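Here's the letter readout for the chains.
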Amino acid sequence: MRTPSTTALRLTALPLALAGVLVAFAASPALTSEVTPMSDESIVMTVAADGSGDHRSVQDAVDAAPSHSTERVTLVIGAGVYDEPVVIPSSKPNLTLVGATGDPKDVVITHGRAAGMPRPDGGTWGTSGSASVVISGDDVHAYDLTFANSFLREEHPDITSTQAVAVRTTGDRLVFDNVRFLGHQDTLYANSPDTATVSRQYYRNCYVEGDVDFVFGRATAVFHGCEIRSLDRGSDTDNGYVTAPSTPPEQEFGFLFTESCFTGDAPAATVYLGRPWVPSSDPDARPQALIRDSWMGRHFKEQGWIPMSSGNGWRQFELREYANKGPGALVTEDRPQMGETEAVGHTAEAYLEGDDGWNPVREPRRPVCTARGR
């Protein structure tokens, strides 16, 4: 039911130009069974920083969306930089955020705080609190926009805890398509509400960049046709780690990267594939990550995995590769490969189906490997 305080526009009442954007959005091949197609009954709100929409800020639009909605609520966000922390609580399921232009570079939701920065009410933000955007609602989708954390180490030499999350996710059945995630350390925190709850997340045609543990957490997350870009920290030997999974022991799957490109600004042989994260809050975690059927740049080391500073060895966990190509797709004793028979069961569909048979998987556009040929 629509509440009087909600600015709910029907598709037929929208200005012609905006209606055209929404019709094209609803007809996108990505939006089939996993997304409720837009209709005359869809709730649509517009966000524009210049005041020409229903709301000036993304958070205002989220707050105005009806709680516990069983129909999809779409926020069409106009071009601009929205410097604000955004929280989508669990009470706001079935929410879609879509950039109005179709180019993710045109719509940027960002904020600039790090784990070691002081909070106004005392203490520091911590890793979770540093997130520019928090998505706790189930069935939240995002298309054609950018999430970023604008914190820069060089501008804050006094800050030693430099984790700076662009997005922290805990919702289930999340879809991201043509979305950029920008940051340095801990860019994308793909997580779940607790160790007993599985949160499934599908990233298609996305771009994720960073340097230290920049894809991390305990979610069951699939990266399909994405570009995963390692930034240069200025080292000749160690320019960081791509992944830091913390998969709970009872959870069947962790991270899957498939048909993706791993590119980098970092020099050759200076980046690790990742390291297992066994947090003190979950000492029984069994981190899992699989990189398969992907192109890998020359920035990767012969030793793909390394222990966390906490001392947990990596060989006891399921950190593997399968059928990768490119100059960084090395097969060594320190780069374990999954067998062909086992790989048959490690598909995007298998990772995401769960008990409800959820299947958002669609063939991606092949990512541009910008480091190819270097």
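My aim in this report is to walk through the structure given alongside it, one point at a time. (Residues numbered from 1 in each chain as written. Predicted model: local features only at pLDDT ≥ 70, side-chain atom pairs only at ≥ 80, totals over all residues. Heavy atoms only, no water.)

### Overview of the overall build of the protein
Part 1: Within the protein, the regular secondary structure consists of five helices and 23 strands.
Part 2: Split into buried and exposed, the 374 residues of the protein put 57% on the buried side.
Part 3: Considering only residue pairs separated by 6 or more positions, the protein has 74% of its internal contacts joining residues 24 or more positions apart.
Part 4: Counting every atom, the protein has about 15100 Å² of accessible surface; 49% of that belongs to carbon and sulfur. (Helix = DSSP H or I, 4+ residues; strand = E, 2+ residues; numbered from the N terminus. Buried < 20%, exposed > 50% of the residue type's maximum accessible area, 1.4 Å probe, protein only. Contact = heavy atoms within 4.5 Å. Areas by Shrake-Rupley, 256 points an atom, 1.4 Å probe, with all protein chains shown as cover.)

### Some words on the pairing of strand 1 (residues 43–47)
Part 1: Taken across its five residues, strand 1 has five buried, putting it largely inside the fold.
Part 2: The two faces of strand 1 match: Ile43, Met45 and Val47 on one face and Val44 and Thr46 on the other face are all buried.
Part 3: As judged from the five bridges shared by strand 1 and strand 2 (residues 73–77), these two strands associate in the parallel manner. By the bridge assignment, Ile43 is partnered in strand 2 with Val73.
Part 4: Note on the crossover from strand 1 through helix 2 (residues 58–64) to strand 2: the handedness is right-handed. (Pairing = 2+ DSSP bridges. Right-handed = clockwise from strand over helix to strand, strands pointing away.)

### Concerning the nonpolar core
Part 1: Residues Phe147, Phe176, Phe181 and Tyr203 are the most contacted members of the largest nonpolar core, which totals 59 residues.
Part 2: The contacts of Phe176, once residues within four sequence positions are left out, are Ile135, Ala142, Phe147, Thr169, Phe181, Tyr202, Tyr203, Arg204 and Cys206.
Part 3: Residues Val76, Val98, Val222 and Ala348 belong to the second largest nonpolar core, which totals 18 residues. (Core = buried A, V, L, I, M, F, W, Y, C linked by side-chain atoms within 4.5 Å.)

### Some remarks on unusual backbone geometry
Backbone phi values are negative for most residues with the exception of glycine, while trans is the configuration of most peptide bonds.
Part 1: Even without being a glycine, Arg173 presents a positive backbone phi close to 55 degrees.
Part 2: Within the secondary structure layout, Arg173 lies in the loop between strand 9 (167–169) and strand 10 (174–182).

### A look at the pattern of salt bridges
Two side chains of opposite charge can pair, provided their charged atoms sit close to one another.
Part 1: According to the stated counting rule, one finds 17 salt bridges in the structure shown.
Part 2: Measuring nitrogen to oxygen at the nearest pair gives 2.8 Å for the salt bridge that ties Arg173 to Asp139. With a gap of 34 residues between them, Arg173 in the loop between strand 9 and strand 10 and Asp139 in the loop between strand 7 (133–135) and strand 8 (141–149) connect regions that are remote in the sequence.
Part 3: In this structure, the salt-bridge partner of Arg233 is Asp238, at a minimum N-O distance of 3.4 Å.
Part 4: Beyond isolated ion pairs, a larger network of salt bridges with shared partners links Asp139, Asp172, Arg173, Arg200 and Asp356. (Salt bridge = Lys/Arg side-chain N within 4 Å of Asp/Glu carboxyl O.)

### Notes on the packing of aromatic side chains
Part 1: Scanning the model with the defined rule gives 14 aromatic pairs in all.
Part 2: Summarising the aromatic geometry, the rings of Phe176 and Phe181 are spaced 5.6 Å apart at their centres and angled 70 degrees between planes, so their arrangement reads as edge-to-face. No difference in accessibility class separates Phe176 from Phe181, as the two residues are buried.
Part 3: Arranged with centres 6.4 Å apart and planes meeting at 85 degrees, the rings of Phe223 and Phe255 form a pair that is edge-to-face. Linking Phe223 in strand 15 (residues 220–224) with Phe255 in strand 18 (residues 255–258), this pair joins segments that are 32 residues apart in sequence. Phe255 carries the same exposure label as Phe223, and that label is buried. (Phe/Tyr/Trp six-rings, centres within 6.5 Å; stacked < 30°, edge-to-face > 60°.)

### Focus on the side chain of Ser294
Part 1: Topologically, Ser294 is positioned in the loop between strand 21 (288–292) and strand 22 (295–296).
Part 2: The exposure class of Ser294 is buried, given its relative accessible area of 3%.

### Let's talk about the sheet that holds strand 9
Hydrogen bonds between backbone groups are what pair the strands of a sheet, and the pairing can be parallel or antiparallel.
Part 1: Strand order across the open sheet formed by seven strands is 4-7-9-11-14-17-20, with parallel pairing between neighbours. This sheet does not close on itself; its edge strands, each paired only once, are strand 4 (86–88) and strand 20 (272–274). Within the sheet, the average angular offset between the axes of one strand and its neighbour, ignoring direction, is 15 degrees. (Axes fitted to C-alpha atoms, helices over the stretch in contact; angles between N-to-C directions.)

### Comments concerning a negative patch on the surface
Part 1: A surface patch of negative charge is lined by Glu252, Glu349, Glu353 and Asp355.
Part 2: On the secondary structure map, Glu353 appears in the segment after helix 5 (348–352).
Part 3: The partly exposed category is assigned to Glu353, whose relative accessible area is 42%. (Patch = residues over 30% accessible without salt bridge, like charges linked within 9 Å, V, L, I, M, F, W, Y side chains within 5 Å. Lys, Arg positive; Asp, Glu negative; His and termini not counted. Charge placed at Lys NZ, Arg CZ, Asp CG, Glu CD.)

### Remarks on the pairing of strand 14 (residues 212–217)
Part 1: Across the six residues that make up strand 14, a large majority, six, are buried.
Part 2: Two strands pair when backbone bridges link them, and strand 11 (residues 188–190) and strand 14 are joined in this way by two bridges, in the parallel orientation. Across the sheet, Tyr189 pairs through a bridge with Phe216, a residue of strand 14.
Part 3: As paired elements, strand 14 and strand 17 (residues 241–245) share four bridges and run parallel to each other. When the bridges of strand 17 are listed, Val212 appears paired with Tyr241.

### A short note on the environment of Glu250
Part 1: When you line up the elements, Glu250 lands in the loop between strand 17 and strand 18.
Part 2: Given the relative accessible area of 76%, Glu250 is considered exposed.
Part 3: The sequence separation of Glu250 and Thr197 amounts to 53 residues, and the corresponding C-alpha distance is 9.8 Å.

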